[in-house]
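Chain by chain, the residues run as shown.
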Amino acid sequence: DGGITQSPKYLFRKEGQNVTLSCEQNLNHDAMYWYRQDPGQGLRLIYYSQIVNDFQKGDIAEGYSVSREKKESFPLTVTSAQKNPTAFYLCASSIVGRGNTEAFFGQGTRLTVV
Amino acid sequence: GQQVMQIPQYQHVQEGEDFTTYCNSSTTLSNIQWYKQRPGGHPVFLIQLVKSGEVKKQKRLTFQFGEAKKNSSLHITATQTTDVGTYFCAGQPVRQGAQKLVFGQGTRLTINP
């Protein structure tokens, strides 16, 4: 069953700790994205990647880091430098090209930092 | 950087009334996509528009892409309670090699049955 999987669904961390959110896809998509969503807000782009071993900063990359060592995986690390990390994090993937570049989203990870 | 603005932020209607949300980009887009997010869920793709002036329909939903490829709209005719959710537009800029997908702030639709 193809899709995009984020884990865990809920995550609690103490302030000052780094935390890594997992995102895996078996859709054979080249592009992957990380977005942050705050209550009642839109989706803000953190990082995106078009190909393995390459990624670009989005609009709110400060305090976050990513890696793209495998096509299927695009983990996001929320570092202690992120001033307000509590949010809903969404990972997405899509094909790269001129055709239908529909983004498929995971179920999201709700991170709470206390 | 590229910005995608969406209005209104909230819209409350009576069931059966029409609903429209508007999307405007600061830069020319190669395509515009629309998504729906139900409360507690994740965004789900509705449609993609590519051509200047393109109009597409899905049952009671009508999507338009502006002539300049910088704005778009989603119109729902005769809303039903199943239409409740937040509607997002998302644009991809015209730039070689770029696969950046930037979302608008969304319009949250609530419906009085």
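Whatever comes next refers back to the structure up there.
Residues numbered from 1 in each chain as written. Chains lettered and ligands numbered in written order. Predicted model: local features only at pLDDT ≥ 70, side-chain atom pairs only at ≥ 80, totals over all residues. Heavy atoms only, no water.

1. Re the overall build of chain A
Here is step 1 of the chain: A tally of regular secondary structure across chain A gives 0 helices and 11 strands.
Here is step 2 of the chain: Reading the secondary structure of chain A in the N-to-C direction produces β-β-β-β-β-β-β-β-β-β-β.
Here is step 3 of the chain: Whereas a compact globule of 114 residues would reach a radius of gyration of roughly 13 Å, chain A reaches 13 Å, a difference of no more than 12%.
Here is step 4 of the chain: Once the C-alpha set of chain A is aligned to its principal axes, its extents read approximately 40 × 25 × 25 Å.
Here is step 5 of the chain: Across the 114 residues in chain A, those meeting the buried criterion constitute 47%.
Here is step 6 of the chain: In chain A, once contacts between residues fewer than 6 apart in sequence are set aside, the share between residues at least 24 apart is 51%. (Helix = DSSP H or I, 4+ residues; strand = E, 2+ residues; numbered from the N terminus. Rg over C-alpha atoms; globule rule 2.2 N^0.38 Å. Buried < 20%, exposed > 50% of the residue type's maximum accessible area, 1.4 Å probe, protein only. Contact = heavy atoms within 4.5 Å.)

2. What about the sheet that holds strand β8 (residues 76-78) of chain A?
Residue and element names in this part refer to chain A.
Here is step 1 of the chain: Read across the sheet, 4 strands follow the order β1-β3-β8-β7 without closing on themselves; strand pairing throughout is antiparallel. Both edges of this open sheet fall to β1 (4-7) and β7 (64-66), since each of them pairs with a single strand only. Averaged over neighbouring strand pairs, the angle between their axes works out to 20° when direction is ignored.
Here is step 2 of the chain: The sheet contact formed by strand β3 (residues 19-25) and β8 spans 3 bridges and is antiparallel. Bridge assignment links Val 19 to a residue of β8, and that residue is Val 78. (Pairing = 2+ DSSP bridges. Axes fitted to C-alpha atoms, helices over the stretch in contact; angles between N-to-C directions.)

3. A short note on the state of the cysteines
Here is step 1 of the chain: This structure, assessed with the given rule, holds 2 disulfides over all chains.
Here is step 2 of the chain: Across the disulfide from A:Cys23 sits A:Cys91; the S-S distance is 1.9 Å. The sign of the -75° torsion about the S-S bond sets the A:Cys23-A:Cys91 disulfide as left-handed. One end of the pair, A:Cys23, is in strand β3; the other, A:Cys91, is in strand β9 (residues 87-94), and 68 residues separate them in sequence.
Here is step 3 of the chain: For A:Cys23, a relative accessible area of 0% corresponds to the buried category.
Here is step 4 of the chain: The disulfide that involves B:Cys23 links it to B:Cys89, with 2.0 Å between the sulfurs. For the disulfide bridge between B:Cys23 and B:Cys89, the dihedral angle about the S-S bond is near 75°, and by the sign convention the bridge is right-handed. One end of the pair, B:Cys23, is in strand β3 (residues 19-25); the other, B:Cys89, is in strand β9 (residues 85-93), and 66 residues separate them in sequence.
Here is step 5 of the chain: Accessibility expressed as a relative area gives 4% for B:Cys23, which makes it buried.
Here is step 6 of the chain: By relative accessible area, B:Cys89 is classed as buried at 0%. (Disulfide = S-S within 2.5 Å.)

4. Comments concerning the side chain of B:Gln37
Here is step 1 of the chain: Inspection of the secondary structure puts B:Gln37 in strand β4 (residues 29-37).
Here is step 2 of the chain: A polar atom in the side chain of B:Gln37 sits 2.9 Å from the side chain of A:Gln37. (Polar contact = N/O pair within 3.5 Å; in protein donor to acceptor, adjacent residues only side chain to side chain.)

5. Details of the interface of chain A and chain B
Here is step 1 of the chain: Every contact between the two is made by 26 residues of chain A and, on the other side, 23 residues of chain B.
Here is step 2 of the chain: Across the chain A to chain B interface the summed buried area is about 1800 Å²; carbon plus sulfur atoms make up 47%.
Here is step 3 of the chain: For the chain A face of the interface with chain B, the top three residues by lost area are A:Leu43, A:Thr101 and A:Phe105, together amounting to 24%.
Here is step 4 of the chain: Along the contact surface separating chain A from chain B lie 1 salt bridge.
Here is step 5 of the chain: Across the pair A:Asp59 and B:Lys100 runs a salt bridge whose closest N-O atoms are separated by 3.7 Å.
Here is step 6 of the chain: At the surface where chain A touches chain B, the tally comes to 7 residue pairs in polar contact (both at pLDDT 80 or more).
Here is step 7 of the chain: Those elements that place two or more of their residues in the side of chain A that touches chain B are β4 (31-37), β5 (43-51) and β9 of chain A.
Here is step 8 of the chain: Residue composition of the side of chain A that touches chain B, by class: 12 nonpolar, 12 polar and 2 charged. (Buried area = accessible area lost by both parts, 1.4 Å probe. Salt bridge = Lys/Arg side-chain N within 4 Å of Asp/Glu carboxyl O. Nonpolar A, V, L, I, M, F, W, Y, C, P; charged D, E, K, R; others polar.)

All we've got here are geometric facts, nothing functional implied.
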